[in-house]
Amino acid sequence: MNITTPTQTASQNKSFTSKEIQFPIAGTISEKAEFITQKAREARAYDLIALYFAGSGHSGSSLSMIDIVSALYLGVMNNKPSDPYWVGRDRLFLSGQHKCPAQYSIMGVAGYYPIKDFLLGLRALGYPFQGHPDWHKLPGIEMSGGSLGQGLGIAIGSALSARLNNEDRRTYCIMGDGEHQEGSVWEAVMCAAHHKISKLCVIVDLNKLQIDGKVCDVMNIEPIEDKYRAFGWNTIRVDGHSVESLLTAFEQAKTCTDRPTVILADTIKGKGVSFMEGKVDWHGKAPNFEQLKLALTELGYENLITDEILAEGKILRETIAKEYGNLIPKSLRPHWWNSEDVMKVQMSPTRFGFGTALDRIGSDERVVCLGADISGSICISDFHKNHPERLSRFFSMGVAEQNMTVVAAGLAKEGKIPVIGSYGVFITGRNWDQIRTTICHANLNVKIGVGHGGISVGPDGATHQSLEDITLMAILPNMSVFVPCDTLESDKATEAAVLKINGPVSVRFSRESTPVITKTDTPFIVGKANIYRYRGEQPQFIDAFECKVSSDYVNENEALTIIACGPEVPEAMRAAYILKKNHNIEARVINMHTIKPLDDEAILRAAKETGKIITVEEHQRGGVGNLIAGVITREGVPVKIAMIGVKDRFGESGVSWELVWKYGLAAEHIVESALAIL
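Just so we're clear, the structure is a prediction, and the values are computed from it rather than from any experiment.

Here is what the cut-offs are and how they apply
Residues numbered from 1 in each chain as written. Predicted model: local features only at pLDDT ≥ 70, side-chain atom pairs only at ≥ 80, totals over all residues. Heavy atoms only, no water. Helix = DSSP H or I, 4+ residues; strand = E, 2+ residues; numbered from the N terminus. Rg over C-alpha atoms; globule rule 2.2 N^0.38 Å. Buried < 20%, exposed > 50% of the residue type's maximum accessible area, 1.4 Å probe, protein only. Contact = heavy atoms within 4.5 Å. Areas by Shrake-Rupley, 256 points an atom, 1.4 Å probe, with all protein chains shown as cover. Lys, Arg positive; Asp, Glu negative; His and termini not counted. Charge placed at Lys NZ, Arg CZ, Asp CG, Glu CD. Pairing = 2+ DSSP bridges. Axes fitted to C-alpha atoms, helices over the stretch in contact; angles between N-to-C directions. Core = buried A, V, L, I, M, F, W, Y, C linked by side-chain atoms within 4.5 Å. Salt bridge = Lys/Arg side-chain N within 4 Å of Asp/Glu carboxyl O. 1 Å grid on protein atoms, 1.4 Å probe; cavity = no way out; pocket = protein on both sides within 12 Å on 5 of 7 lines; lining within 4 Å. Points joined across faces, edges and corners; volume = space filled by probe spheres on them. Nonpolar A, V, L, I, M, F, W, Y, C, P; charged D, E, K, R; others polar.

This part is about the overall build of the chain. Helix and strand counts for the chain stand at 24 helices and 22 strands. For a compact globule of 678 residues, the expected C-alpha radius of gyration is about 26 Å, and the chain comes in at 26 Å, within 12% of that figure. Each principal axis of the C-alpha atoms in the chain carries an extent, and together these give about 85 × 60 × 50 Å. Within the chain, buried positions represent 62% of all 678 residues. Summarising the internal contacts of the chain: among those between residues at least 6 apart in sequence, 78% fall at separations of at least 24. For the chain, the computed accessible surface area is about 24500 Å², with 52% contributed by carbon and sulfur atoms. Measuring between centres, the 70 positive side-chain charges of the chain sit 2 Å from its 79 negative side-chain charges.

Let us now look at the sheet that holds strand S22 (residues 640–646). With mixed pairing, the 6 strands of this open sheet are ordered in space as S17-S16-S19-S18-S21-S22. With partners counted over all chains shown, the strands left at the sheet margins are strand S17 (545–549) and S22, one partner each. Ignoring which end each strand starts from, the neighbouring axes of this sheet average 20° apart. Note: strand S18 (residues 560–564) against strand S21 (residues 612–620), 4 bridges, orientation parallel. For Ala-564, the partnering residue across the bridge sits in S21 and is Val-616.

Further remarks concern the nonpolar core. Among the nonpolar cores identified, the biggest contains 119 residues, and Leu-72, Phe-250 and Phe-545 are the most heavily contacted of them. Not counting chain neighbours up to four residues away, the residues in contact with Leu-72 comprise Met-77, Leu-92, Tyr-172, Ile-174, Ile-203 and Phe-250. Membership of the second largest hydrophobic core comes to 43 residues, among which are Met-473, Ile-531, Ile-603 and Val-637.

Let us now look at the pattern of salt bridges. Using the criterion set out here, one finds 45 salt bridges in the structure. With a closest N to O distance of 2.8 Å, Glu-668 and Arg-574 form a salt bridge. Taken as a pair, Glu-668 in helix H24 (residues 667–677) and Arg-574 in helix H20 (residues 568–583) lie far apart in primary sequence, 94 residues in all. Given the relative accessible area of 11%, Glu-668 is considered buried. Using a relative accessible area of 1% as the deciding quantity, one classes Arg-574 as buried. In this structure, a network of salt bridges that share partners links the residues Arg-533, Arg-535, Glu-546, Lys-548, Glu-556, Glu-558, Lys-580, Glu-586, Arg-588, Arg-605 and Glu-609.

On to unusual backbone geometry. A cis amide bond links Glu-222 to the next residue, Pro-223, at an omega of 0°. Among the secondary structure elements, Pro-223 is positioned in the loop between helix H7 (215–219) and helix H8 (224–230). For the bond from Lys-596 to Pro-597, the omega torsion is 5°, close enough to zero to count as cis. A positive phi angle, near 60°, is found at Asn-338, a position not held by glycine. Along the chain, Asn-338 turns up in the loop between helix H11 (307–324) and strand S8 (347–349). A relative accessible area of 31% means that Asn-338 is categorised as partly exposed. Positive phi, normally seen in glycine, also occurs at Asn-478, with a value near 75°.

With that out of the way, let us pick up the sheet that holds strand S7 (residues 261–266). Ordered in space as S1-S2-S3-S7-S6, the 5 strands form an open sheet in which the pairing is parallel. Each edge of the open sheet is held by one strand with a lone partner, namely strand S1 (91–94) and strand S6 (234–239). Going across the sheet, the axis of each strand differs from the next one's by a mean of 20°, ignoring polarity. Summarising the sheet, S1 and strand S2 (residues 171–176) pair through 4 bridges and their orientation is parallel.

Moving on, we get to the layout of surface pockets. Taken as a whole, the largest pocket encloses approximately 810 Å³ of empty space. Considering the residues around the largest pocket, the lining is formed by 44 residues, among which His-58, Ile-211, His-283, Ile-374 and Tyr-423 are closest to the centre. When contributions to the lining of the largest pocket are tallied by element, the ones reaching two or more residues are strand S4 (209–210), helix H13 (375–378), strand S11 (417–423) and helix H16 (424–430). Partitioned by chemical class, the residues of the lining of the largest pocket number 10 nonpolar, 21 polar and 13 charged. The calculated volume of the second largest pocket comes to roughly 440 Å³. If you trace the second largest pocket, you find 27 residues lining it, with Gly-145, Gly-146, Ala-462, Thr-463 and Phe-650 closest to the centre. Contributing elements (two or more residues each) for the lining of the second largest pocket: H16 and helix H18 (469–474). Among the elements that make up the lining of the second largest pocket, the one with the highest residue count is H16 (5 residues). By residue class, the composition of the lining of the second largest pocket is 8 nonpolar, 15 polar and 4 charged.

Structure (structure tokens):
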């Protein structure tokens, strides 16, 4: 099987361009609609097969817009699969980029690349079909992204460029309905109308569902047609699953020459598969094998799942895993988590601790929680899940982190303790100015749940892997920053943040399961690190270590110190285990769960007593490392320092542990660094 690697471009490798064909196809609207409808049905089958092999992704969301994207690629837009960079092509910007499997699927049908490449390579480490698109990796994609609310703005810029260059091309942008809760969308809507960009056409996929439920319940956007019209747009409303109606609407849009056009397409989430249609829980879920077979039977493509393709899919994923993941030869990772009969660990996502704490401390009437459409994913909905009486203190803000932040500030000003949260890239980046100016400058008592921290977020890819948030939060005056190492510590950190500190606090947690290495009685003291020492192999990993608060620790003349935070603490402990067992080297491990305030005393003692320090973080390298180095430098302590983290780059799609290995964040990499520094 020939799968093109990310470093190959269309001009370098013609496997992307297997058909010399140009679209749109010829014929009457009725003739084109009949052909495209069939191809859209085929694309639905490919979409689901790819999601099955990936094991994750957005089934319902991508199925709702396949008719739209099929009509555009095959029947409306000028495009050449053989030349993805053809200057005369019409441009398509997908704003809700989690729906990209639909776009990948129809691009494969159109001949941009062999369809099997997509079927087996979606969200696979090292392959161009990212969980959220990267235009550098896949020719034919017009924008990299994944953060909602940005597609229309870039489409406007592209359309204005066409006007400046006198290019006779059109610009299209597909958006979601829930996305319209984001304020930046309406800034762009106003901008396009003001500049009278008549060759811009927006299509809104109105499937009326988002992660947290019905759009009208989360944050109502209707009457959306009246709103666009009030902003000065030409509006058309159609059945988004009638290809003939869509083609007619696109022709009507071309006749409007004095303003932009929006086509409001009423769709059904999960369209084409009975058990997915209209079901919110299929927003971000991939089918299992039995569900896939049932779906393909309904679509009439059950023959696509053959023993051959199943075998190829298994071989591909195993090949990647052998290089980067859980199947790495034991000679390279002899003490991988739970790979031995001893040193076993329980695995649990740290985000669960955020939820259990909110469930418990939410009885305090001062506590209110604000959700941003991913409430279940980051566990903030645990605040009310078992306590319906608390729903009056839970406010759904929709896809609108900036507004959520300033609303929380208003609540805090009046004596409430608001807890807000979202994925780390959104809750610390999109609204950084609001956090800085409205919360931190005023020193308001707002608590920020920073979810999906680190590269281990996995298949969603670079746009959802938060690698900058610790720096963004730690640089802010008045902000405290907690990075707990496991589920239990996340619970303790959340309680401390909400009930024990008066002022802004961010608590960072991860998505995937990581080792539990603390106990219910393990202390959590703000500003005081915990120190771990390996004492000997045990049936349970946690029992092989002794833990003390840094102020109670007595020097044992270790050869070096490893300072880590978050899920990298278990990796640092595993490194200490390997160093002792394989190299007879003693290592001090510091769990720096509080990044701000830092435990300066523990850092300086480690520098003076061991003389060698390795900092480890699931973050851009130096986010925590530079803070630690700064403490040592200010005191003038001579020490050797090595830093482990992501090396000034974005992440990519892949299985969590494959990424941890590829990006050099596993215990084995810490051991390698320790041997070098010694």
